[in-house]
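Coordinate inspection notes
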Amino acid sequence: MDMNENCCKNEVFEYIKSVYNAKVENPWAEYPDFTTFKDKLSDKWFALIMRITGDKLGLKNNVPVYVINVKVDTLLIPELIKREGYFPAYHMNKQHWVTILLDETVPVDDIKDAIDKSFTLVTDSPTRRIYEATMKIPRGKVATYGDIARLAGNPKMQRAVGNALHKNPFPDKVPCYRVVNGKGELSGAFAFGGPHEQANRLRADGIEVVDNKVDLSKYRWMS
């Protein structure tokens, strides 16, 4: 194997792990050189590193090469695959993904930029931004639906915040119980554990709850 190829692959591999704290998996026993990278919150792939033979990409040899698949803006694909080192996605949706050689044909910084964009395309959504904002609320503090809407990028989507938190699929990661209304009142329909569970969890955080209400002047998190 070419030393440059191995160094490039290793640098890209470590970049994904360190920057995105990704879930790294080798899901196919018969393909030990196929590694997927998932966002831990959404459990969605945003990159796939593989070792395949060049002929699989249309190259005029069958020498094994490392490649990475990343998601890209559909409108950019026709121009990207005209560049050296870029190919229509191998074994993935060619309308949304491309394959990039990891042999220094494409500068490593360009590959890292492609990974960044892929992660954003795969994971970014108003719901995700709501969950990420909620995850920032520290123990012993609360935020209002309006606070979370503002932190998620749209002060007007308070209703969307309520809907997203009510359907929160990550209750162990996203502390939705730390979100109250603009008066400090708790939700009467807290989805996880019944109507008293939100108060119980807030008290466990050290927050005083009186008449199903929190004193915002004392416990509101100001980011």
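Predicted, not measured: the structure shown is a model, and the values here were computed from it.

**Remarks on the overall build of the protein chain**
- Across its full length, the protein chain holds 8 helices and 8 strands.
- In summary, the protein chain has a C-alpha radius of gyration of 23 Å against a globular reference of 17 Å for 223 residues, an excess of more than 25%.
- A principal-axis box enclosing the C-alpha atoms of the protein chain has dimensions of 75 × 35 × 25 Å.
- Across the 223 residues that make up the protein chain, the buried fraction comes to 43%.
- Within the protein chain, contacts between residues separated by at least 24 positions form 54% of all contacts whose residues are at least 6 apart in sequence.
- For the protein chain, the accessible surface area stands at approximately 12,200 Å², while carbon and sulfur atoms represent 50% of it.
- Averaged over its 32 positive side-chain charges, the protein chain has a centre that lies 8 Å from the centre of its 29 negative ones.

**Quick look at the sheet that holds strand β5 (residues 86-88)**
- The 6 strands are arranged β1-β2-β3-β4-β6-β5 in an open sheet whose pairing can be described as antiparallel. Single-partner strands in this sheet number two, and they are β1 (23-25) and β5. For this sheet the average axis-to-axis angle between neighbouring strands, irrespective of direction, equals 25 degrees.
- The sheet contacts of helix α3 (residues 108-123) involve β3 (45-53), β4 (64-71), β5 and β6 (97-101), and relative to β4 the element is tilted by about 40 degrees.

**Points about the environment of Val70**
- Relative to the helices and strands, Val70 is located in strand β4.
- On the basis of relative accessibility, which here comes to 1%, the residue Val70 falls in the buried class.
- Excluding residues within four positions of it along the chain, Val70 makes contact with Phe46, His96, Trp97, Val98, Ile100, Ala114, Ile115 and Ser118.

**A closer look at the packing of helix α4 (residues 126-135) against helix α6 (residues 158-166)**
- Packing of α4 against α6 leaves a shortest axis separation of 10 Å and a crossing angle of 80 degrees. Overall, the two elements α4 and α6 adopt an arrangement that is roughly perpendicular. Each of Thr127, Ile130, Tyr131 and Thr134 in α4 lies in contact with α6, whose residues at this interface are Ala160, Val161, Ala164 and Leu165.
- The residue makeup of the contact of α4 with α6, split by class, is 6 nonpolar, 2 polar and no charged.

**Observations concerning the pattern of salt bridges**
- In total, this model carries 13 salt bridges according to the counting rule given.
- In this structure, Glu11 engages Lys112 in a salt bridge whose closest nitrogen and oxygen atoms are separated by 3.1 Å. With Glu11 in helix α1 (residues 3-20) and Lys112 in helix α3, the pair connects residues that are 101 residues apart, well separated along the chain.
- By relative accessible area, which is 38% here, Glu11 ends up partly exposed.

**Concerning the nonpolar core**
- Val12, Ile16, Phe46, Ile68, Ile100, Ile111 and Ile115 are the most contacted members of the largest nonpolar core, which has 41 residues in total.
- When contributions to this core are tallied by element, the ones reaching two or more residues are α1, β3, β4, α2 (77-80), β5, β6 and α3.
- When sequence neighbours within four positions are dropped, the list of residues in contact with Ile115 reads Val12, Tyr15, Ile16, Tyr20, Phe46, Ile68 and Val70.
- Among the nonpolar cores identified, the runner-up in size contains 30 residues, and Ala199, Val209, Tyr219 and Trp221 belong to it.

**Topic: the confidence of the model for the protein chain**
- Chain-level pLDDT for the protein chain is 91 on average; 97% of the residues reach the 70-or-more range.
- Within the protein chain, the lowest mean pLDDT, 83, falls on α1, and the highest, 98, falls on strand β7 (residues 143-144).

**Overview of the side chain of Lys9**
- Position of Lys9 relative to the elements: it lies in helix α1.
- For the buried Lys9, no salt bridge exists, and the shortest N-O distance to an oppositely charged side chain is 6.6 Å, to Asp33.
- Excluding residues that lie within four positions of it along the chain, Lys9 makes contacts with Ile49, Tyr66 and Leu102.

**Remarks on the pairing of β6**
- For β6, a buried count of 5 out of 5 residues is recorded, marking the element as mostly surrounded by other parts of the structure.
- Across the two faces of β6 the burial is the same, with Trp97, Thr99 and Leu101 and Val98 and Ile100 all buried.
- Bridge count for β4 against β6 is 5 bridges, and the pairing is antiparallel. Counterpart to Asn69 in the pairing with β6 is Thr99.

Conventions and cut-offs
- Residues numbered from 1 in each chain as written.
- Predicted model: local features only at pLDDT ≥ 70, side-chain atom pairs only at ≥ 80, totals over all residues.
- Heavy atoms only, no water.
- Helix = DSSP H or I, 4+ residues; strand = E, 2+ residues; numbered from the N terminus.
- Rg over C-alpha atoms; globule rule 2.2 N^0.38 Å.
- Buried < 20%, exposed > 50% of the residue type's maximum accessible area, 1.4 Å probe, protein only.
- Contact = heavy atoms within 4.5 Å.
- Areas by Shrake-Rupley, 256 points an atom, 1.4 Å probe, with all protein chains shown as cover.
- Lys, Arg positive; Asp, Glu negative; His and termini not counted.
- Charge placed at Lys NZ, Arg CZ, Asp CG, Glu CD.
- Pairing = 2+ DSSP bridges.
- Axes fitted to C-alpha atoms, helices over the stretch in contact; angles between N-to-C directions.
- Parallel < 35°, antiparallel > 145°, perpendicular 65-115°, else oblique.
- Nonpolar A, V, L, I, M, F, W, Y, C, P; charged D, E, K, R; others polar.
- Salt bridge = Lys/Arg side-chain N within 4 Å of Asp/Glu carboxyl O.
- Core = buried A, V, L, I, M, F, W, Y, C linked by side-chain atoms within 4.5 Å.
- pLDDT = per-residue confidence, 0-100.

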